[in-house]
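Commentary on secondary and tertiary structure
Listed here are the chains, written in short residue letters.
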Amino acid sequence: MTVDILMPRPMLLSVQEKLDAAFTVHRLYDADDPEAMLAEIGDKIRGVALSWSKIDTAFLEKVPNAEIIASFGVGYDHVDTDDCLAADVMVTHTPDVLTDEVADTAIGLMIMAIRELGQAEQWLRDGNWTGKGPYPLTPATLRGRTLGIFGLGRIGKAIAKRAEAFGLEVHYHGRSRQDGIEYPYHASLTDLAAACDTLMVVAPGGAETKHAVNREVLDALGPQGFLINIGRGSVVDETALIAALEAGAIMGAGLDVFEYEPEVPEKLLQLPRVTVLPHVGSASQATRDAMGQLVVDNLKSWFETGKAVTPVPEMG
Ligand code: DGY
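The paragraphs below set out a description of the structure included in this document. (Residues numbered from 1 in each chain as written. Predicted model: local features only at pLDDT ≥ 70, side-chain atom pairs only at ≥ 80, totals over all residues. Heavy atoms only, no water.)

**Brief notes about the nonpolar core**
- If you look at the biggest cluster of nonpolar residues, it comprises 72 residues, and the most contacted ones within it are Leu6, Leu19, Met110, Ile149, Ile159, Met200 and Leu299.
- Once residues lying within four places of it in the same chain are set aside, the contact partners of Leu6 are His26, Leu28, Leu38, Ile41, Ile45, Gly47, Val48, Ala49, Phe59 and Val63.
- Formed by 27 residues, the second largest nonpolar core is a distinct cluster that contains Leu192, Val236, Ile242 and Leu271. (Core = buried A, V, L, I, M, F, W, Y, C linked by side-chain atoms within 4.5 Å. Buried < 20%, exposed > 50% of the residue type's maximum accessible area, 1.4 Å probe, protein only. Contact = heavy atoms within 4.5 Å.)

**Digging into helix 1 (residues 13-22)**
- Looking only at helix 1, the buried set comprises Val15, Gln16 and Leu19. For helix 1, the angular spread of the buried residues around the axis is 95°, confining them to a single face. Of the exposed residues in helix 1, those oriented more than 90 degrees away from the buried face are Leu13, Glu17 and Ala21.
- In this structure, the buried side of helix 1 is in contact with strand 1 (4-7), strand 2 (24-27), strand 3 (45-50) and helix 13 (285-305). (Helix = DSSP H or I, 4+ residues; strand = E, 2+ residues; numbered from the N terminus. Arc of directions from axis to C-beta.)

**Notes on the site of the ligand**
- The ligand sits among Trp52, Gly73, Val74, Gly75, Leu98, Arg232, His279, Ser282, Arg288 and Met291.
- Between an oxygen atom of the ligand and a main-chain N or O atom of Gly75, the distance comes to 2.9 Å.
- For the ligand, an oxygen atom lies 2.7 Å from a polar atom in the side chain of Ser282.
- Here the shell around the ligand is built from residues that sort into four nonpolar, four polar and two charged. (Near = heavy atom within 4 Å. Polar contact = N/O pair within 3.5 Å; in protein donor to acceptor, adjacent residues only side chain to side chain. Nonpolar A, V, L, I, M, F, W, Y, C, P; charged D, E, K, R; others polar.)

**Considering the sheet that holds strand 11 (residues 274-276)**
- The six strands are arranged 7-6-8-9-10-11 in an open sheet whose pairing can be described as parallel. At either end of the open sheet lies a strand with only one pairing partner, and these are strand 7 (169-173) and strand 11. The average undirected angle you get between the axes of adjacent strands in this sheet is 15°.
- In the sheet, strand 6 (residues 146-150) pairs with strand 7 via five bridges, with the strands oriented parallel. Bridge assignment links Gly148 to a residue of strand 7, and that residue is His171.
- Strands in contact with helix 8 (residues 154-165) are strand 6, strand 7 and strand 8 (198-201); relative to strand 6, the strand with the most contacts, it is inclined by about 175°. (Pairing = 2+ DSSP bridges. Axes fitted to C-alpha atoms, helices over the stretch in contact; angles between N-to-C directions.)

**Digging into the packing of aromatic side chains**
- Here the structure, examined in full by the defined rule, presents four aromatic pairs.
- An angle of 70° between the planes, with centres 6.0 Å apart, marks the rings of Phe23 and Phe303 as edge-to-face. You can see Phe23 sitting in the loop between helix 1 and strand 2 and its partner Phe303 sitting in helix 13, a full 280 residues away along the chain.
- Residues Tyr172 and Tyr185 carry aromatic rings whose centres are separated by 5.1 Å and whose planes lie at 55° to one another, so their mutual orientation is tilted. Here Tyr185 lies in the loop between strand 7 and helix 9 (189-195) and Tyr172 lies in strand 7, a separation of 13 residues in the sequence. We note that Tyr172, like Tyr185, is buried. (Phe/Tyr/Trp six-rings, centres within 6.5 Å; stacked < 30°, edge-to-face > 60°.)

Now the structure itself:
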């Protein structure tokens, strides 16, 4: 007897092939009327292979026999874990396999932003090097900077290690001071911002961190400051960020994630010292394949042994 799995949105081909080989997969996105499809097959769904769609009680009621939500990605703010716990549904994510990739991207984004590498490349591509001469010297340098990391988890630590190799001093803020970590800890995000000139957001999304980076934090970061966001767009109050950049309260920003992505405010795109990437932190084929494999492994392990490989921390 095969297990019926729901796939609300398309996943990587490599994942789909592996899931098709092990389960009966129902593709919600293929249905002309997804609600009608759910009404028809919802009862037999025992697992969900998820990529970024919202899971809450309203959804779980449509798949009342679901036992597991296997979510693609380390962040899972689109899944209401309280609702899943209440419905006795396991939630898994894909940590570790993307840590180094995201940390590499974070460092690249930071250097791009501070040294204006994207803008300099555009200068060359636009013919300005031959036409107008060299790209203007950048007012900012990485040299002598202090990096404040908001969210010193696995990815935050990997970023810190790299930043140290670049000669940066590292400080951090998070829910609590961590044992065995020697970087200076700041109990509030504003204090962290005041102690550094480059603020790296690695914190997860969700209600707890929504708009944590607000105007007060940006003012504390100061006029030499750069905000780098590799975590979640919702952590930064984008309106406050635009206002701070326009007023020169901070110097620039490097953003891989946005509050309403894939929508990016036009104003942000027009500001001169903003580097933007389309949420590519973990987006290499090898890393995404490894994340996909973990989705498959979690589902298989759950239905073969009753245990998940990488449950989210809330599952206990
Ligand atoms: C994640 O896994 O949460 C990342 O944002 C993907 O790049």
